[in-house]
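# Close look at the chain arrangement
One-letter residues, chain by chain:
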Amino acid sequence: MTTTAHPVDEVPPARHLAAFGLQHVLAMYAGAVAVPLIVGGAMKLPPADLAYLITADLLVCGIATLIQCIGFWRFGVRLPIMQGCTFAAVSPMVLIGTTGGGLPAIYGSVIVAGLAIVLLAPVFGRLLRFFPPLVTGTVILIIGLSLLPVAGNWAAGGVGSADFGEPKNLALAAFVLAVVLGVQRFAPAFLSRIAVLIGIAVGLGVAVPFGFTDFGGVGDADWLGISTPFHFGAPTFEFSAIVSMLVVALVTMTETTGDLIAVGEMTGRKVEPRSLSDGLRADGLSTVLGGVFNTFPYTAYAQNVGLVGMTRVRSRWVVATAGGILVLLGLLPKLGAVVAAIPAPVLGGAGLVMFGTVAASGLRTLAGVDFKGNNNLTVVAVSVAMGMLPVGVPTIYEKFPDWFQTVMNSGISAGCLTAIVLNLLFNHLPAKAGSEASEADSGAAEPDGLAGGGVEEGVEKSREEAV
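Residues numbered from 1 in each chain as written. Predicted model: local features only at pLDDT ≥ 70, side-chain atom pairs only at ≥ 80, totals over all residues. Heavy atoms only, no water.

### Quick notes on the overall build of the protein chain
For clarity, the cut-off: The way it works is that DSSP assigns letters per residue, a run of H or I at least four long becomes a helix, a run of E at least two long becomes a strand, and they are numbered from the N terminus. Summary of the burial criterion: residues with accessible area below 20% of their type's maximum are buried, those above 50% are exposed, and those between are partly exposed, where the area comes from a 1.4 Å probe applied to protein chains only. Any pair of residues with heavy atoms lying within 4.5 Å of one another is described as a contacting pair. To measure how exposed things are, a 1.4 Å probe is used in the Shrake-Rupley method; for residues, cover is taken only from the protein chains shown.
A tally of helices and strands in the protein chain yields 20 helices and 2 strands. In the protein chain, which comprises 467 residues, the share counted as buried stands at 57%. Considering only contacts in the protein chain between residues 6 or more positions apart, those separated by 24 or more positions represent 82%. Summed over its atoms, the accessible surface of the protein chain is roughly 18900 Å², and 68% of this surface lies on carbon and sulfur atoms.

### A closer look at the packing of aromatic side chains
When we look at a pair of aromatic rings, we describe it by the centre distance and by the angle of the planes. Inclusion rule: Here the aromatic set is Phe, Tyr and Trp, taking the six-membered ring for Trp, and pairing holds for ring centres within 6.5 Å; pairs whose planes are under 30 degrees apart are stacked, those over 60 apart are edge-to-face, and all others are tilted.
Applying the stated criterion across every chain yields a total of 7 aromatic pairs. With centroids separated by 5.8 Å and ring planes inclined at 90 degrees, the aromatic side chains of Tyr52 and Phe232 adopt a geometry described as edge-to-face. One end of the pair, Tyr52, is in helix α2 (residues 47–70); the other, Phe232, is in the loop between α9 (216–220) and α10 (239–267), and 180 residues separate them in sequence. Phe232 shares its class with Tyr52; the two are buried. When the ring of Tyr397 is compared with that of Phe400, the centres are 5.7 Å apart and the planes differ by 85 degrees; the resulting orientation is edge-to-face.

### Quick word on a nonpolar patch on the surface
Worth spelling out the cut-off: A residue counts toward a patch only above 30% relative accessible area and without a salt bridge, and it is joined to like-charged neighbours within 9 Å or, for Val, Leu, Ile, Met, Phe, Trp and Tyr, to nonpolar neighbours within 5 Å. The salt bridge criterion pairs a side-chain nitrogen of Lys or Arg with a carboxyl oxygen of Asp or Glu, the two atoms within 4 Å.
A cluster of nonpolar side chains, contributed by Leu120, Val123 and Leu250, occupies part of the molecular surface with about 220 Å² of accessible area. The residue Val123 is located in helix α4 (residues 102–125) in this model.

### A short note on unusual backbone geometry
For Arg78, which is not glycine, the phi dihedral falls at a positive 60 degrees. Position of Arg78 among the secondary structure elements: in the loop between α2 and β1 (83–85). For Arg78, a relative accessible area of 24% puts it in the partly exposed group. Despite not being glycine, Asn294 has its phi angle at roughly 70 degrees, a positive value. Position of Asn294 among the secondary structure elements: in the loop between α11 (273–292) and β2 (298–300).

### Here's the deal with the pattern of salt bridges
Summed over all chains, the structure comprises 4 salt bridges. The closest approach of N and O atoms between Arg269 and Asp9, which form a salt bridge, is 2.5 Å. Highlighted residues: Arg269 in the loop between α10 and α11 and Asp9 in the segment before α1 (14–42), separated in sequence by 260 residues. With a relative accessible area of 24%, Arg269 lands in the partly exposed category. Residues Arg316 and Asp9 are paired through a salt bridge, measuring 2.8 Å at the closest nitrogen-oxygen approach.

### A word on the packing of α4 against α11
Quick reminder of the rule: Axes, fitted as lines to C-alpha atoms, cover a helix only where it is in contact. Angles between the N-to-C directions of the axes lie from 0 to 180 degrees. Our angle categories are set so that under 35 degrees counts as roughly parallel, over 145 as roughly antiparallel, 65 to 115 as roughly perpendicular, and the remainder as oblique. Here the term charged refers only to Asp, Glu, Lys and Arg, the term nonpolar to Ala, Val, Leu, Ile, Met, Phe, Trp, Tyr, Cys and Pro, and the term polar to all other amino acids, Gly among them.
Contact geometry for α4 and α11: axes closest at 7 Å, N-to-C directions at 175 degrees. Relative to α11, the element α4 is oriented roughly antiparallel. A class-by-class count of the residues in the contact of α4 with α11 yields 15 nonpolar, 7 polar and 2 charged.

### Brief notes about the confidence of the model for the protein chain
For clarity, the cut-off: For every residue, the predictor reports its confidence as pLDDT, a number between 0 and 100.
Averaged over all residues, the pLDDT of the protein chain equals 79, while 87% of them reach at least 70. Put simply, helix α20 (residues 456–466) is where the protein chain has its lowest mean pLDDT, 40, and α11 is where it has its highest, 92. A low-confidence stretch, residues 437–467 stays under pLDDT 50, and its non-local contacts, those more than four residues away or across chains, total 58 contacts.

### Structural notes on helix α6 (residues 167–186)
Here is the rule: The span expected for a helix works out to 1.5 Å for each residue beyond the first. Our arc is simply the arc of the directions from the helix axis toward the C-beta atoms.
Its 20 residues place the ends of α6 28 Å apart at the C-alpha level, agreeing with the 28 Å of an ideal helix rising 1.5 Å per residue. What α6 keeps buried is the set Asn169, Leu172, Ala173, Val176, Val179, Val180 and Val183. Down the axis of α6, the smallest arc covering the buried residues is 115 degrees, so these residues share one side. Opposite the packed face of α6, turned more than 90 degrees from it, sit the exposed residues Pro167, Arg185 and Phe186. Those residues of α6 hidden inside the fold are in contact with α5 (133–155), α7 (189–193), α8 (195–207), α12 (302–311) and α15 (344–366).

Structure follows, in structure tokens:
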């Protein structure tokens, strides 16, 4: 029997789709609901409005994921990509919402930003030649490293929890990690691919009798919740709010580009300029929908990039199923309350494996790059350093203007921009006359932007290994 469909386009059996899809939902759920909780909490919204923001967010998360995975016309990259609210927009939205503009001003700026992303998508698509393996490997590595503190905070109990760092939290996270690794190593092939789901289920089973969580909130949640357009009033369009959100749009486009390229590497379907533009255009459309349906800007979720690499399940229909589950959670708040009851340490144990997998995938891509007789090692070193600065020292840029903080406080965008600039500097601009580097890199100034990026055979080999 010969299979003509690419693994990305294959449709697994229904029972596999459900299990793999639920695994993706659990991997991103905490991050998905964090943005509305932070913004709504900062604006001191009543509990009913907070609950509304969360259900609206889950609904649009699901719709955005379906657009990205399945696609229509020129919208959607058609890869296994989960969509969720971007954290890059949190600070600007809190500022807009608490200085008099309120939610209508936030949604007006979000709609404008989404339209701008749709218009700018073809421009970003043509920039793909500036993402050779040297840059993409570095960006994927930075994505993984920047996510590890998230898993660490979950493992310790969740930021702001009264028992943060208690040994019992770390013990539960370590137990879940051990379960995930044990299933991956010893279980049959199908079970090993849902190791994260099994680890979370087993961890939850242990957490309930030990008092880590309770399901009291499930009884209080409604069975049905419908998000209506402009629930909090018609959007208003304030110039300062729009400018700050346009900066966020550029940051999220940069981050999404890195995520799409990473998934393309992992699945063996290389992202081309056209498909990159389609993926970014889907981001823009989802962001517009966010502004209309009372939620926020959307981007590709790096958490799920790690899950794709770890499970080696490359079907986009798996993630489309996850999108369908999110739509259900958005329409049925009681189901969402069940998922929300999973304690943070359980997610932390699974997150350590997933996010570490992203970083390891970046290293695998970099393994195909030529580091002899050139400055590629410097490009990687400085880019990783710039990407890790805001992760290790979150307040390092707090004295800088808001637009600068929006760009540089994201380790992913800071590292990505640094890698692009340094690759251009060392591998595309003419070197100093008579320097050893110029002779070594004399063939590295090719117009396709792949110079200095590595040996193509090595890259293809790493892609085959990823498959």
